[in-house]
Amino acid sequence: MVKANIPPVAGLLALQGDFEKHKAALRALGAEVIEVRTEDQLEHVDALIIPGGESTTMTILMPDSLRSSLIQFASSHPVWGTCAGMIMLSTTRSDSRVRPLGLVDLEVERMGFGRQVFSFEGELRLSERLAEHERPFKGFFIRAPRVKEKSKELEVLAWLNDEPVALIKGNILLTSFHPELAEDDRFHRFFLSMIDKSSSRKG
Ligand code: GLN
């Protein structure tokens, strides 16, 4: 069977948070989308998005069995964390209410752009790895995490002024903003291209 003809299956971790817009963006690009709430459902997806929401609530709602399956899954499949999802994928230690998965060496400050700033929009500069990178991307930041310290192995894919706001290392993609709100599908396309390159594709 020719794998390229089978639509990729993207999972959306649906414990809590904003996933409808991600779903629409992925479907518009031809992917199948499954909501993931248990470790068994991970067996049916090629990749996973941990959406924005509230990392303290995700911590409470994530049983240990799902936590360890997610860590295992990320070793061989693309995983993308947006906003709260980025916090969950990091090694952030500064807030004891959040128990991150520790998949990339990254410390963020929750709501690091100022607690009084609920949300803002910023023009992002993109790395050459994104399609049409000369055109800026509109970044929507909602109580967003701010990068404090990151390992050199994390490559920057987007900057707000000179600060990293999108990063990648291997299978792990992180965005501190909400690309699903931008009406610009370049990050979703980039994520689906990570599935195509990943050898663990189902089907
Ligand atoms: N401030 C939230 C948290 O710390 C993230 C906000 C978001 O995902 N939009 O989890």
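Residues numbered from 1 in each chain as written. Predicted model: local features only at pLDDT ≥ 70, side-chain atom pairs only at ≥ 80, totals over all residues. Heavy atoms only, no water.

Undergrad: Please explain unusual backbone geometry as it appears in this structure.
TA: We note that Met111 has phi near 55 degrees; this positive angle belongs to a residue other than glycine. Mapped onto the fold, Met111 is located in the loop between β5 (106–109) and β6 (119–126). (Helix = DSSP H or I, 4+ residues; strand = E, 2+ residues; numbered from the N terminus.)

Undergrad: Got a minute to help me understand the site of the ligand in this structure?
TA: Around the ligand sit Gly52, Gly53, Glu54, Ser55, Cys83, Ala84, Ile87, Arg110, Met111, Ile142, Arg143 and His178, and that is every residue in its neighbourhood. The separation between a nitrogen atom of the ligand and a polar side-chain atom of His178 is 2.9 Å. Here the ligand loses 99% of its free accessible area of 300 Å² to cover by the protein chains. Split into classes, the residues belonging to the shell around the ligand amount to five nonpolar, four polar and three charged. (Near = heavy atom within 4 Å. Polar contact = N/O pair within 3.5 Å; in protein donor to acceptor, adjacent residues only side chain to side chain. Areas by Shrake-Rupley, 256 points an atom, 1.4 Å probe, with all protein chains shown as cover. Nonpolar A, V, L, I, M, F, W, Y, C, P; charged D, E, K, R; others polar.)

Undergrad: Teacher, can you tell me more about the pairing of strand β2 (residues 32–36) here?
TA: In regular strands, side chains alternate between the two faces of the sheet. Sheet topology note: the strand β1 (residues 9–13)/β2 ladder contains five bridges and is parallel. Note that in β2 the partner of Gly11 across the bridge is Ile34. Taking the sense of rotation as the criterion, the β-α-β connection linking β1, helix α1 (residues 20–28) and β2 turns out right-handed. (Pairing = 2+ DSSP bridges. Right-handed = clockwise from strand over helix to strand, strands pointing away.)

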